[in-house]
Amino acid sequence: MEKETFRMVVCLKVIHELCSERGFDPLKRTIDPEYLIRRINPSDEYSMEMALLLKEEKQKSGGRAEIVALSIAQAEDEGLLKRCLAMGADRAFRIWDEGIETLGGMAFAYLLSAGIRRIGGNLVFCGQKAIDRNGNEVGGYLAEFLQFPQISGVTAIDISEKENGFVCRRKVERLGWDLVETSTPVVLTVERGENEPRYPNVYSILNWLGKEIEILDRASIGVEANQLEEWNSVVRIKEWSRPKPKKVFTPKSNLPPEERIRLAMTGGMDKKKTIFLQGETKGMVSQMVDLLVKQKFIKEGGKT
Amino acid sequence: MEGRDLWIVIEHKDGELLDISKELCSQGRRMKRSSSGLVAILVGKEIRGLADRLGQYGVEKVYLVEGEEWERFNPEALIDLLSRIILEKCPSAVLFGSTSFGNALAPRLAIRQQGTLVTDCIDLKKQGEGWVALKPVHEGKLNLMIVPASARLPFFTLQPGVFEIEEIAPTQPIEIEQIHHETSLEKICTKIVGFIKADPKSAYLEEAELVVAGGKGLRDEKGFGYLEELADLLGATVAGSRVAVDFGWVPYDRQIGLTGKKVTPRLLFAIGISGAFEFTMGIKDSKFIVAINKDPNAPIFKVADIGMIGDLHEILPRLNETLRYIKE
Amino acid sequence: MEGREAFWNISGAGWMYLLTLMALLFFFYGIHKHLNFWRKGDRVKDHHPFLLRLRFFLSQAFLQRRIFRKPYNGVMHLFIFWGCLVLFLGTLLLAIQNDLLGPIFGLSFLHGNFYMIYSFALDLFGLLALVGTGMALIRRYFLKKDLRTKHWSDSLALWLLFFILVTGFAMEWIRIGVAEVAAERSYPLVSQIPGLFQGVSHPEMLKGLHRIFWWGHLFLALVLIAMIPYTKLFHMLSTSFLTLSRVPESKGALTPVFLEPLQIKGDRLTHLSRHQLVGLDACTQCQRCEETCPVTMTNERFSPLKILQELRRGLYGSKNNLNLLKETESLERVWECLTCRYCEEQCPVSLEIIDKVIEVRRHRVMEVAHFPAEIKSVFRTLETFDDPWAMGQSFREDWIRGEKSKKHLRNGNGFLVWVGCQSAFHERNKRTASSFTKLLDALDIDYFLLGKGEVCCGDLARRTGNEYLSRNLILKNIETFHQYGVQKIITLCPHCFHVIKEEYPHWGGRFEVMPHSEFIAGLITEGTLSVPDRLDRLVTYHDSCYLGRYHGQFDPPRAILKQILKGDLIEMDKNRSDSLCCGAGGGSFWLRGNSGEKINRGRLEEIKAKRAQVICTSCPYCLVMFEEAIRNTGNTDLAVMDLVEFINLPE
């Protein structure tokens, strides 16, 4: 009997997370790189863990499974990648070439799909959204480019009796989980799995430090520069801005005018000022309820 | 394009329109040109009654697809359907909610229709022939303004709870066009084989949008009971500081703080919690914090947006009562 | 004058040699097994100079100071030790004369005055040994009936010893009484005995008894000798070997796994050295570590003794491979250890226990990746943010207020003030950092801060066994230090102090490091700082483990407080090297289920009993632990402050 195989591809994204609003200069509209923390998207770590658990299950039942990691990353991110790979990936590839530095979601997915086709994956894991771009789209794009079915919001996955089949738990917001059965090929997008990512032992870490991550350039995955440019110009990013303040902030009048203007423009996010509700219990409570309604946390005559 | 309709893909459950659908319709009504129509796509089983209600939110026309097979959410079939009718009817833009429903549909459709997509928008405006969208990035620390390419069909998913719902008295009866669609079952590769119901109270704390956390100030089971009631009324998840776990009011997986979890809810109540650093480091990414404590010098007030200084044993029952009242 | 007649009244003495040979065979076989066990360990390259080790051995073996912490046990052990030692030497001298020097060279020296001294000494020390053995028996059967670590072989050894001594004395008396050796009769302690035998009518009966006693004495003694390597008696040899082979790392520095080149030595990440294996063997299970361990007091299932014994049991029959250790209850609890070193302080043979605990942790973290979830979270946070608080370097300068202080950032002037993660991020500890820099500014002392250039010192990662992570952090810091030409470092946290001072040198980072308490005390001694009679409150000082027990820094903080306080400093009963850990060390601060909080509350009770109003600490972890305990127990009349905050109090 031909052994069933899961050829799993886990997509890893190296994100630059902004750890504080202070890192954003509202006048110049730029982000100070000192406030950016480079890390692997946490959702991808959950994917990796899910893939590893599935591989273990598959191998226990006599099937075969292989985990290949794929990323669009530059050389200086290899350290981060390898730390994630040490969890138990078998092989890894990274796509890098000129002009890949800034890509939109569709271009990203296009490149990834070409890479996956080259690797020959049939069970693709992808993060639901990356913290730095909040795209929430690459998984869907990927599925469409590959022409695989897609299941999103996957939190856990077990093998089923169907050939190359498995059942996954898909999150339904606030209501529960659907149990969805399918088989390869498929794209699964993961936001947060039920199993915490494992910590690799140091042998594994050292092993991966010595291993090579194969580099794929555009030519090796069959992507032309103009194709990429086409997918990349689908949207145009204009600028960043500060979120609106939650309440009106009146700068103190004793501050110098430049300071007052700056604070007013930035919405006063530098210093949080607590608004204390005044009065007797009754008064405070009604103010509180008014506030909750105004801020849309509750609805009159119905649930949230 | 002039004369092309703005589409909303409706999300509903148990015969009721979800709030996000109402928000989408209201925003759609505000945004559309007077020359184009506001159209809703409604797919499901026995949902004709809902179609009529859509008029209250400004929808002028409904494309209705009814049938047994549409009872459970099946993204592949829906994408197939939507793709077909988009090709047939040529909308100017298509709006979804940024929910697991919308996010499962919009990206694939965008590629299939060779369109563009901006997800999780918190503001959306027409600008000339094109659109301008604003979305949060970096977990809400910054907003990003994005302009989709004007030559392509734009898709948007909108963040729930942001856009105002406006009800109007419709001037004309709503136009309903029934659409028939056969989905060949072989194309559908995923099959729903079951459902696990979630208890909102035991949702993953890290993902909870509304959290009510209690600490030492609750004093006893009775105080904790008020907190549980508040959580129930708000539809929030119950959590606690380390002291609450030590007292056994909440299990360890509901602990917030240094040796517990970090939460990022839209609304957090910190009740009877002094606010030591070991606790506040778990809530620093919350969007809106309300603190109730009888000590005016409690450090929790340094991180709270709203503070109430008083005895929670008086405040909470009152608050719960008022909330119960307005919900009726 | 005659000496002693060997084999008086004994025939068939040749059997003695045969039996002795058999006993010695057993004995050496047992030694051989122990040696095999020790040899499994890794060789350590650098040894301390031999004279240092010899001195340590002599003071440990002969002065036995630590055993005297329990006076009764101390006296008992001393008597037995010296008694048996002298008796053994006496028999050895006799054997040398009769079997070696006599037959070969025809020499004998056991006669005359020498013999008198010899005999007297043997009698005196034999008596001491008998008293000691008697004390031991009383303790075993009456005083400590429920001693958990009793083993039948221990009782056997005691009874053997007892009867050896009794038969020894009986033999001597009969011999002196019956053999009528006039000379011997006049010796002190012996002269009364013949009187007992006055008018003895049946010398033959006594001679018969004498023979029985003689053979019995021989047999018992040989059994005792043969069983040494198989029982607790082996401690005589193992502890001697232990102290002779290496002086314990009195500053608690852990040996690193990964040095400059990132390689694994011999395919294994966790190693126990030979010295450590000897240590496992040398434990006599006296339970002193257990009795004083703060964690055992709150959680009986944890005990330093159990960990040592489990390690020994698990490794004894197998290779020196921690993978083969079975998961036992005690080893599971290895995460409870606070690394406070109270056990090592109490151990009468100066065993190092912490390094073995950490070796088990290293195994769990680095080889099998099986450890508590909170520790995993700490590791991930350290890897991503370079600090355990998940804040990131960009927040490390938040505590700095005022433009004047900001000027000190990275300007390279003067010495470095190492702030550390606790004082940079934790709201309460930020005040310590700003107090200290305020003080330095007021005194116009040149210093500089690294601010964002700091990453975690690596102590947390080392104590929790993640050598890979700690190495990365440490190398980063050393590079930063070299970049700024750092030579002198003042730390605000004793954990940072310990790791930078004692462990950074392994990776080439040698700097002059001082905790802030010592620095301030120095300022006071020089006269640069004078803060007399500033505070009129009841203050007590809590010695932190890493300053106190690890580095002996008990006096500088007290010197500071002496000047500041109007009244006297309240000393707790458990102070200085007996101070009780605050409950945060060894990663316990970050663990949920640990007994840290309970221990802390116990300490708080102690403080309250002394009626102190303010607790003075010199460690940010202690500070935070006490604050939390005060808040959670409602003791709002107590306050806790760091040393440097005392100085900045207004007059």
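To be clear, the structure that these remarks concern was listed above.
Calculation criteria
Residues numbered from 1 in each chain as written. Chains lettered and ligands numbered in written order. Predicted model: local features only at pLDDT ≥ 70, side-chain atom pairs only at ≥ 80, totals over all residues. Pairing = 2+ DSSP bridges. Helix = DSSP H or I, 4+ residues; strand = E, 2+ residues; numbered from the N terminus. Axes fitted to C-alpha atoms, helices over the stretch in contact; angles between N-to-C directions. Contact = placed C-beta atoms within 7 Å. Nonpolar A, V, L, I, M, F, W, Y, C, P; charged D, E, K, R; others polar. Buried ≥ 20, exposed ≤ 12 C-beta atoms within 10 Å, placed from the backbone.

J.: How should I be thinking about the sheet that holds strand β9 (residues 130-137) of chain B in this particular structure?
T.: Sheet strands associate in pairs through backbone hydrogen bonding, adopting either a parallel or an antiparallel arrangement. One open sheet accounts for four strands, arranged β14(A)-β10(B)-β9(B)-β8(B); its pairing is antiparallel. Strands at the two margins of the open sheet, each flanked by one partner only, are β14 (235-241) of chain A together with β8 (123-127) of chain B. Sheet twist, expressed as the mean angle between neighbouring strand axes with direction ignored, is 25°. When β14 of chain A meets strand β10 (residues 142-148) of chain B, the two strands line up antiparallel, connected through six bridges. Residue pairing for β10 of chain B: Trp-240 of chain A is matched across the bridge by Leu-144 of chain B.

J.: Looking at this model, I keep getting lost on the interface of chain A and chain B. Mind explaining?
T.: Interfaces are often described in size by the accessible area the parts lose on coming together. Taken residue by residue, the interface counts 69 residues in chain A and 66 residues in chain B. Counting only elements with at least two residues in the side of chain A that touches chain B, the list comes to β2 (14-18), α4 (138-146), β9 (150-159), β10 (165-172), β11 (176-183), β14, β15 (275-276) and α9 (281-294) of chain A. In terms of residue count, α9 of chain A provides more of the side of chain A that touches chain B than any other element does, eight residues in total. Among the residues making up the side of chain A that touches chain B, the classes are represented as 29 nonpolar, 17 polar and 23 charged.

J.: Please clarify how the sheet that holds β9 of chain A should be interpreted in this entry.
T.: The strand order across the open sheet built from ten strands is β13(A)-β7(A)-β6(A)-β1(A)-β8(A)-β12(A)-β9(A)-β10(A)-β11(A)-β13(B), with neighbouring strands paired in mixed fashion. Single-partner strands in this sheet number two, and they are β13 (214-216) of chain A together with β13 (191-197) of chain B. Neighbouring strand axes in the sheet, compared pairwise and without regard to direction, differ in orientation by 35° on average. Across five bridges, the pairing between β9 of chain A and β10 of chain A is antiparallel. In the strand pairing of β10 of chain A, Asp-158 of chain A is matched with Val-167 of chain A. Running over the sheet, helix α2 (residues 78-85) of chain A touches β1 (5-12), β6 (64-72) and β7 (91-95) of chain A and is turned about 150° from β7 of chain A. Docked against the sheet, α4 of chain A engages β8 (123-127), β9 and β12 (186-190) of chain A, running at close to 175° with respect to β12 of chain A.

J.: Mind showing me how you'd approach the pairing of β12 of chain A here?
T.: Here is the key point about a regular strand: its side chains alternate between the two faces of the sheet. All names here are of chain A. Counting buried positions over the five residues of β12 gives five, a clear majority of the element. Burial along β12 is two-sided: Val-186, Leu-188 and Val-190 and Val-187 and Thr-189, pointing in opposite directions, are all buried. Two elements, β9 and β12, share three bridges in a ladder whose sense is parallel. By the bridge assignment for β12, Ile-151 is matched with Leu-188.

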